Amino acid sequence: MSSGQALIEELTALAGEAKNTLGQASSFEALEELRVAYLGRKGRLAQIMAKLPGLTAEEKRQAGQTANTVKEELTAHYTVRLEGLKRAQDEAMLAGFDPALPGRSHPTGGLHPLSIVSDEICRAFSGMGFEVVTGPEIETDFYNFEALNFPPEHPARDMQDTLYIGDNILLRTHTSPLQVRTLLSRKPPVAAIAPGKVYRRDSDITHSPMFHQIEGFLVDKGVTMADLRGTLTFFVHRIFGPDTLVRFRPSFFPFTEPSAEVDISCVMCEGKGHVGGQTCRVCKSTGWVEILGCGMIDPNVLKAVDIDPEVYSGFAFGMGVERVTMLKYGVGDLRLFFENDVRFLGQFA
Ligand code: DAH
């Protein structure tokens, strides 16, 4: 047998052997070892090819051709086995878990309940044509008290309630200064709603030194208490539902005359005073809960902002956002709003 013939037989034998061994490689490592052994730089194929230079030109041509074919076959066997091993690996992985399990959820933020309710209240009024206005939390005595007809000796001006920053400078104790600020810069008719933070020297389980109010007011010719009642009734029905009852109780505020407090039928017991035979803890069995203060703007306030009380009249109201939120969502403890526990906040997202 010529040495060319011998080389070709060697190559054919190699192809036969490699087809079996590659096809049966049981791991990526075993397959890689075989690839190096057959196709590597110093592998079996390379060793056989190294003998080519000793052949005649014709033998070289034939053996060379066979070598190329064998190389292609070996590569193809290798690739087929590699794909097979990958598929088996994927299948084993898929068998390990339940593809019907829900995916991972990504936590998202949400609005604070006080923001949700504040926005909702403002929307109810802007739907009636009220414009939303805001003002500074640091105020002067003039806007917070004097222009709102607080007599100099009024207890609300006392250091007990007000956080003073300087002689006449203080943290606003209510959003009512927005009445003064807005009416000084606009001519009636004016209808505005003013949400914001307010501050008082008061801190216990039911009082926070910072809390939120929403002020509303309307000034025009011929505004009456009936307009106030209609506006507030619409608002209550929007926020607490159309079956909620509304009642006005006479009250006193320096900046309104007459003044009233507004109660709504208890959100917990629906005005019955008891829940399942038990005294209602929300309204203390009275069937009513207070939600805001209001009244007809005092002529002295209109004078302070250069509006003639003989020509114009107006109404105003103010409410606590924490209180409305507690009633609306049945939140029993004011402190929950300020502790920022996500287990509480997450329930509103
Ligand atoms: N400013 C009052 C307070 O903080 C709330 C209030 C009552 C505002 C009556 C008003 C009003 O505009 O008419 O307690």
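Further up the page is the structure itself.
Keep in mind the model is a prediction, meaning the values are calculated, not measured.

What counts and how
- Residue numbers run consecutively from 1 along every chain, following the written order of its sequence.
- For this predicted model, a pLDDT threshold of at least 70 governs which residues receive local features, and a threshold of 80 or more governs which side-chain atom pairs are given and counted, while totals over whole chains, interfaces and linings are taken from all residues.
- In computing side-chain values, all of the structure's heavy atoms are included and hydrogens and water are not.
- The helix and strand labels rest on DSSP assignments: H or I over at least four residues marks a helix, E over at least two residues marks a strand, and numbering proceeds from the N terminus.
- Throughout, radius of gyration means the C-alpha value; the globule benchmark is 2.2 Å times the number of residues raised to the power 0.38.
- Throughout, exposure labels follow a simple rule: accessible area from a 1.4 Å probe, protein chains only, divided by the maximum for the residue type, with under 20% read as buried, over 50% as exposed, and the rest as partly exposed.
- Residue contacts are defined here by distance: any two heavy atoms, one from each residue, within 4.5 Å place the two residues in contact.
- In this analysis, strands are considered paired if DSSP registers two or more bridges between them.
- Where helices are involved, their axes are fitted lines through C-alpha atoms of the stretch in contact, as for all axes, and angles between N-to-C directions lie from 0 to 180°.
- For each residue, the test is whether any non-hydrogen atom lies within 4 Å of the molecule or strand; if one does, the residue is near.
- Contacts described as polar in this section are N or O atom pairs within 3.5 Å, which, within protein, must combine one atom able to donate a hydrogen with one able to accept it, while residues neighboring in sequence count only if both atoms come from side chains.
- Methods summary: accessible areas were calculated by the Shrake-Rupley approach with a probe of 1.4 Å, and residue burial reflects only the protein chains presented.
- Charged means Asp, Glu, Lys or Arg here, nonpolar means Ala, Val, Leu, Ile, Met, Phe, Trp, Tyr, Cys or Pro, and polar covers whatever is left, Gly included.

### Some thoughts on the overall build of the chain
Regarding its fold elements, the chain presents twelve helices and eleven strands. A compact globule built from 349 residues should have a C-alpha radius of gyration of about 20 Å, whereas the chain, at 42 Å, is more than 25% larger. Considered along the principal axes of its C-alpha atoms, the chain spans approximately 130 × 55 × 40 Å. Residues classed as buried in the chain amount to 41% of the 349 residues present. Put simply, of all contacts in the chain between residues at least 6 apart along the chain, 68% involve residues at least 24 apart.

### Let's talk about the sheet that holds strand 7 (residues 256-265)
With mixed pairing, the seven strands of this open sheet are ordered in space as 1-4-5-11-10-7-6. Every other strand in the sheet has two partners, leaving strand 1 (131-132) and strand 6 (246-253) as the edge strands with one partner each. Bridge count for strand 6 against strand 7 is seven bridges, and the pairing is antiparallel. For R247, the partnering residue across the bridge sits in strand 7 and is D263. Strands strand 4 (190-199), strand 5 (210-220), strand 10 (288-297) and strand 11 (313-320) of the sheet are contacted by helix 7 (residues 177-185), whose axis makes an angle of about 40° with strand 5. Contacts from helix 8 (residues 225-240) reach strand 6, strand 7, strand 10 and strand 11 within the one sheet, and its direction differs from that of strand 10 by about 145°.

### A word on the site of the ligand
Close to the ligand lie 15 residues, the nearest being H174, S176, R200, Q213 and E215. Side-chain polar atom of S176 to a nitrogen atom of the ligand: 3.0 Å apart, as the coordinates give it. Contact between the ligand and F317: an oxygen atom at 3.3 Å from a main-chain N or O atom of the residue. Considering the ligand on its own, with 360 Å² of exposed area, one finds that the protein chains cover 88% of that surface. Taken together, the elements giving at least two residues each to the shell around the ligand come down to strand 5, strand 10 and strand 11. Among the residues forming the shell around the ligand, the class breakdown is five nonpolar, eight polar and two charged.

Keep in mind these numbers describe shape, not what the thing actually does.
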